[in-house]
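# An overview of the molecular structure
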Amino acid sequence: MTLQCGIVGLPNVGKSTIFNAMTAAGAAAANYPFCTIEPNIGIVSVPDERLDKIAALFNPKKIIPTAMEFVDIAGLVKGASKGEGLGNQFLGHIRSVDAIAHVVRCFEDPDVVHVHGDVDPIRDTEVIETELMLADLESLTQRLDKMAKKAKTGDKEAALTHPVALKIQKGLEEGKPARSQDLTPEEKIIARSLSLITAKPVMYVANVMEKDILNPPESVKKLKEFATREGAEVVVISGKIESEIAELSQEERTQFLAELGLKESGLHQLARAGYKLLGLVTYFTAGEQEVRAWTITTGTKAPQAAGVIHSDFEKGFIRAECYHYHDLITLGSEAKIKEAGKMRLEGKEYVVQDGDILFFRFNV
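So, a few notes on the structure that sits alongside this text. What you see as residue numbers is a count from 1 along each chain, following the sequence as written. Given that the model is predicted, a residue must reach a pLDDT of at least 70 before its local features are reported, and side-chain atom pairs must reach 80 or more before they are shown or counted; all residues, however, enter totals for whole chains, interfaces and linings. Only hydrogens and water are set aside when side-chain values are computed; all heavy atoms of the structure are taken into account.

## Some remarks on the packing of aromatic side chains
- A pair of Phe, Tyr and Trp rings is counted when the ring centres sit within 6.5 Å of each other, with Trp represented by its six-membered ring. The angle between the planes then sorts it: under 30 degrees is stacked, over 60 is edge-to-face, the rest tilted. A complete count under the given rule lists four aromatic pairs for this structure.
- When the centroid spacing of 6.0 Å and the interplanar angle of 75° are considered together, the rings of Tyr204 and Phe226 count as edge-to-face. Residue Tyr204 is located in strand β7 (residues 202-207), and its partner Phe226 is located in helix α7 (residues 218-229); the two are separated by 22 residues in the primary sequence.
- Accessible area is worked out with a 1.4 Å probe on protein chains only. A residue is then buried under 20% of its type maximum, exposed over 50%, and partly exposed in between. On the basis of relative accessible area, Phe226 is assigned to the buried category, the value being 12%.
- A centroid spacing of 5.9 Å and a plane angle of 85° characterise the contact between Tyr283 and Phe360, whose relative ring orientation is edge-to-face. In this pair, Tyr283 is assigned in strand β9 (residues 280-286) and Phe360 in strand β13 (residues 356-362), connecting sequence segments 77 residues apart. Accessibility classification places Tyr283 together with Phe360 in one group, the buried group. Numbering of helices and strands starts at the N terminus; helices are DSSP runs of H or I of at least 4 residues and strands are runs of E of at least 2.

In structure tokens form, the structure reads like this:
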């Protein structure tokens, strides 16, 4: 399952520094704690201590974590919705991602010019939010007349979509992004077909100076208060620190973070937050050859979870042998899990839970 989080921000907020740290780290990393699969896509592994504990019991040849993809999107400026700067390129790329990581400048540096002259995270955030709402408004306006005409001719889909689009249009005109509007569950499902940028979930990335990572400045507090009002999360990160970490070996990274008083890198925090933002959970497969974490959305049933590994697994699904991570750690082995009656056989309607360890049976 490939889910992408687009990294957006004004020019000179440190967005490219953070993204470059993701891609640079891949050169020195085994498996992919960080790596790059395309020039504008970086992969960051999602830390999960469960994976290491499972691997300690199976001693596999390979350990493969789950990961988040981050897409570096062209910097946004005021007027982007009208094509200013790289506006059209930016908006085209951002429509294709599943979520947005909005990098906000929370550092003072006279050597790095701020496009608006001074550091103000709320103003900067609102500039981008406004441009995204204007882009969505333009997109809806262009489609509403066609929807109305189709609805009048008896098109059922258009008849359902048109009133929802009108409701969202009104909210956007009032300054409310689509994700913050009061839509019913049914309206939210219909709204997905509109592919609106402001409907995507957002988290904020406060980029601070290295010296401020443990005691963030007042600008971070303001950003957190702003994010709390809309139910969003803020990850505090130092692009400079991440750039330095990217050049180190895994052992050196651990030591460097400890010296700074940090438990994990900002990129790992970012990956974890992105995983949470998209409503993802993890199941595991385990054996002597490989212990691996797999990403699925909350509520995924067993056949579809199997399909994440290979489409043939889903098509020929028979059942899943299933037990939970907690039982494995408590009892110490698969053999003891079976002895204790904790190994289950689950069918097509089983909803896979976070921390399940699965073995799929299927017909070829």
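More follows now that the structure is in view.
## Looking at the side chain of Thr161
- Mapped onto the elements of the fold, Thr161 is located in helix α5 (residues 156-173).
- Side-chain polar atoms of Thr161 contact the backbone oxygen of Glu157, separated by 2.8 Å.
- Contact definition: two residues touch when any of their heavy atoms are within 4.5 Å. Apart from the residues within four sequence positions on either side, Thr161 is in contact with Met147, Ile190, Ser193 and Leu194. Between N or O atoms, a polar contact is any pair within 3.5 Å; within protein, one atom must be a potential hydrogen donor and the other a potential acceptor, and residues adjacent in sequence are included only when both atoms are from side chains.

## What to know about the pairing of strand β1 (residues 4-8)
- Of all the five residues making up β1, five are buried; the element is thus mostly covered by neighbouring parts of the structure.
- Side chains of β1 alternate between two faces, with Gln4, Gly6 and Val8 and Cys5 and Ile7 buried alike.
- Criterion used throughout: strands pair if DSSP finds at least two bridges between them. Two elements, β1 and strand β5 (residues 67-72), share four bridges in a ladder whose sense is parallel. Following the sheet pairing, Ile7 is matched in β5 by Asp72.
- The pairing of β1 with strand β6 (residues 99-105) spans four bridges and is classified as parallel. When the sheet's bridge partners are listed, Ile7 is paired in β6 with Ala101.

## What to know about the side chain of Gln169
- Note that Gln169 resides in helix α5.
- Excluding residues that lie within four positions of it along the chain, Gln169 makes contacts with Leu137, Leu140, Thr141 and Leu144.

## Brief notes about the pairing of β6
- Of all seven residues that make up β6, seven are buried, and the element is covered over most of its length.
- In terms of strand pairing, β6 meets β7 through six bridges, oriented parallel. Bridge assignment links His102 to a residue of β7, and that residue is Tyr204.

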